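Listed below are the residues making up each chain.
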Amino acid sequence: MWFRRDLRLSDHPALAEACGAGAVLPLFVLDPTFADCGAPRAQMLRACLGRLNAATGGALVVRSGDPVDIVPALAATVDASTVFVTKDFAPYGRARDARVADALRAGGRRLRGVGSNYVAEPGTVLKDDGTSYSVFTPFSRRWLSHGIPAPIAPPTAVDWIEAPSDPHPIAPDSAALTAVERWDEFRRAGLADYATQRDLPAVDGTSRLSAALKFGVVHPRQLLADVDESIDGHRVFRSELAWRDFYADVLSRFPRSAWENLDQRFDRLHVDTDAAAHARFEVWCRGATGFPIVDAGMRQLAATGWMHNRVRMITASFLVKDLHLPWQWGARFFMQHLVDGDLASNNHGWQWAAGSGTDAAPFFRVFNPTAQQERWDPTGEYMHRWIPELDTSEYPAPMVDHKVERAEALARYEAIKRH
DNA sequence: TTTTGAGTTGTTCGA
DNA sequence: GTCGAACAACTCAAA
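Note that the coordinates shown come from a computational prediction; the quantities given were computed from them, not determined experimentally.

The rules behind each value
- Residues numbered from 1 in each chain as written.
- Chains lettered and ligands numbered in written order.
- Predicted model: local features only at pLDDT ≥ 70, side-chain atom pairs only at ≥ 80, totals over all residues.
- Helix = DSSP H or I, 4+ residues; strand = E, 2+ residues; numbered from the N terminus.
- Buried ≥ 20, exposed ≤ 12 C-beta atoms within 10 Å, placed from the backbone.
- Contact = placed C-beta atoms within 7 Å.
- Near = placed C-beta within 6 Å.
- Nonpolar A, V, L, I, M, F, W, Y, C, P; charged D, E, K, R; others polar.
- Expected span 1.5 Å × (residues − 1).
- Pairing = 2+ DSSP bridges.
- Axes fitted to C-alpha atoms, helices over the stretch in contact; angles between N-to-C directions.
- Domains from an automatic or database assignment.
- Parallel < 35°, antiparallel > 145°, perpendicular 65-115°, else oblique.

### Re the overall build of chain A
Then, in step 1: In terms of helices and strands, chain A carries 18 helices and 5 strands.
Then, in step 2: When the backbone C-alpha atoms are referred to their principal axes, chain A occupies close to 65 × 50 × 45 Å.
Then, in step 3: When the 419 residues of chain A are sorted by exposure, 40% land in the buried category.
Then, in step 4: Here the contacts in chain A between residues at least 6 apart in sequence split such that 77% fall between residues at least 24 apart.

In structure tokens:
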């Protein structure tokens, strides 16, 4: 069993099938491709691996290197007939798995993909004519009509195969909540009010399960099993999980949309990339724009590896529409700093803000950072929490005039219309 | 094939 | 201060 973004034993179809086939070697490969994923995600990975190792009674084998070398070699060492994986639909993962499958085949073995990290496997939510959706709302209706698969039981009494492991990454902080504990807490205290509380960055009104979902510590179908569709908050939460599936589906169909405009008309949008643009970008990264809600978000990200979703939208809108920078700069920065950084959700969220993505925001929807702060952080609690010097002379003046930059953004969008 | 209704997250302006 | 309309036009999905 080659674990990737499915670091759990319960509700794990691929593992269940592997266990049904015989003794199992649990493997994780530290792929150098992901070496620069950023400290928060690297730390989260180490914690997840520590927990997974404990759950296997210390049997987890961790190896560093290219999976194309490591997986077939290890499979040969223990004479495995099959390497089980949870299917990966992201651009790199898909190419990597194709190469590993080829290498295994050369040795008379096979790579067997079972299940995915999503409620509905990318490519399976289709219109009546068999084609894919590109608008969220109809996608989510069809997604719902598929029904939510029930979680499956964890395997019992697994016969783990032992093999030499590279030194294990650091063990987890045992004080941290497990994903299931966090879900129980959120279900009890926050889920019913999610529809109204989820947008307030000063409030702990979101599930905070994004990183657990990213690493597959918990599968979304396990969360959906507890959703009561008669309650508003529950339905809104379910809809957010549908967005996660939707963007994975879109990325799987359009791999190049990870870093390129999905809507190619936006290739012609005038964005700034000169030295002055880099200087503005650096100010945004540092959280020193002089717009408190933007700076608070960037500082929360730097300090904790996480940013409230409402503030992700505000900071993204600011980078794209007030600073006129390429959305890719912001997306890359987020990926380097977010503990939950996920290519599909992150980059398509950025494309939504930029207007270049699926179901994108209308061009005239330009967030006003001051109005957003007044609306969603009315007491200023969030911005003061992250900007201690806010009311002092140390806090910078606004780096741009929003009214002017809004007009500039609209003019630039106007220039690429009708093409 | 044609038609129709709809489309995450907003802002500004003028009555 | 409040409230509703305008802000484009297009593409998608489904009847």
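### Side note on the protein's contact with DNA strand B
Then, in step 1: In the vicinity of DNA strand B, 17 residues are found, and the nearest of them are Phe136, Thr137, Asp359, Asn368 and Ala371.
Then, in step 2: Secondary structure elements with two or more residues in the surface near DNA strand B: α5 (136–145), α15 (343–354) and α16 (369–376).
Then, in step 3: Residue composition of the surface near DNA strand B, grouped by class: 10 nonpolar, 4 polar and 3 charged.

### Observations regarding helix α2 (residues 39–55)
Then, in step 1: The end-to-end C-alpha separation of α2 is 24 Å, in line with the 24 Å expected for 17 residues at 1.5 Å each.
Then, in step 2: Those residues of α2 not exposed but buried are Pro40, Arg41, Met44, Leu45, Ala47, Cys48, Leu49, Arg51, Leu52 and Asn53.
Then, in step 3: Following α2 by one or two positions, Gly57 adopts a phi angle in the positive range, close to 70 degrees.

### Looking at the sheet that holds strand β1 (residues 2–3)
Then, in step 1: Spatial strand order, β1-β2-β3: 3 strands in an open sheet with parallel pairing. Since the sheet does not close on itself, it has two edges, and those belong to β1 and β3 (61–64), each with one partner.
Then, in step 2: The pairing of strand β2 (residues 27–30) with β3 spans 4 bridges and is classified as parallel. Bridged to Val29 within β3 is Arg63.
Then, in step 3: Against the sheet, helix α3 (residues 67–77) engages β1, β2 and β3, with an angle of about 155 degrees to β2.

### So, the protein's contact with DNA strand C
Then, in step 1: If you check the shell around DNA strand C, you find 12 residues, and the closest are Lys127, Tyr133, Val135, Pro138 and Pro362.
Then, in step 2: In terms of residue class, the surface near DNA strand C is built from 6 nonpolar, 1 polar and 5 charged.

### Describing the domain arrangement of chain A
Then, in step 1: For chain A, the assigned domains are domain 1 (2–115), domain 2 (118–152 + 181–253) and domain 3 (264–414).
Then, in step 2: A straight line from the C-alpha centre of domain 1 to that of domain 3 covers 36 Å.
Then, in step 3: The interface of domain 1 with domain 3 comprises 5 residues on the first partner and 8 residues on the second.

### Here's the deal with the packing of helix α10 (residues 232–253) against α15
Then, in step 1: Look at α10 against α15: their axes get within 8 Å of each other, and the N-to-C directions meet at 90 degrees. Taken together, α10 and α15 sit at an angle that is classed as roughly perpendicular. Across the interface between the two elements, Arg244, Tyr247, Ala248, Val250 and Leu251 from α10 touch Leu343, Ala344, Ser345 and His348 from α15.
Then, in step 2: Partitioning the contact of α10 with α15 into residue classes produces 6 nonpolar, 2 polar and 1 charged.

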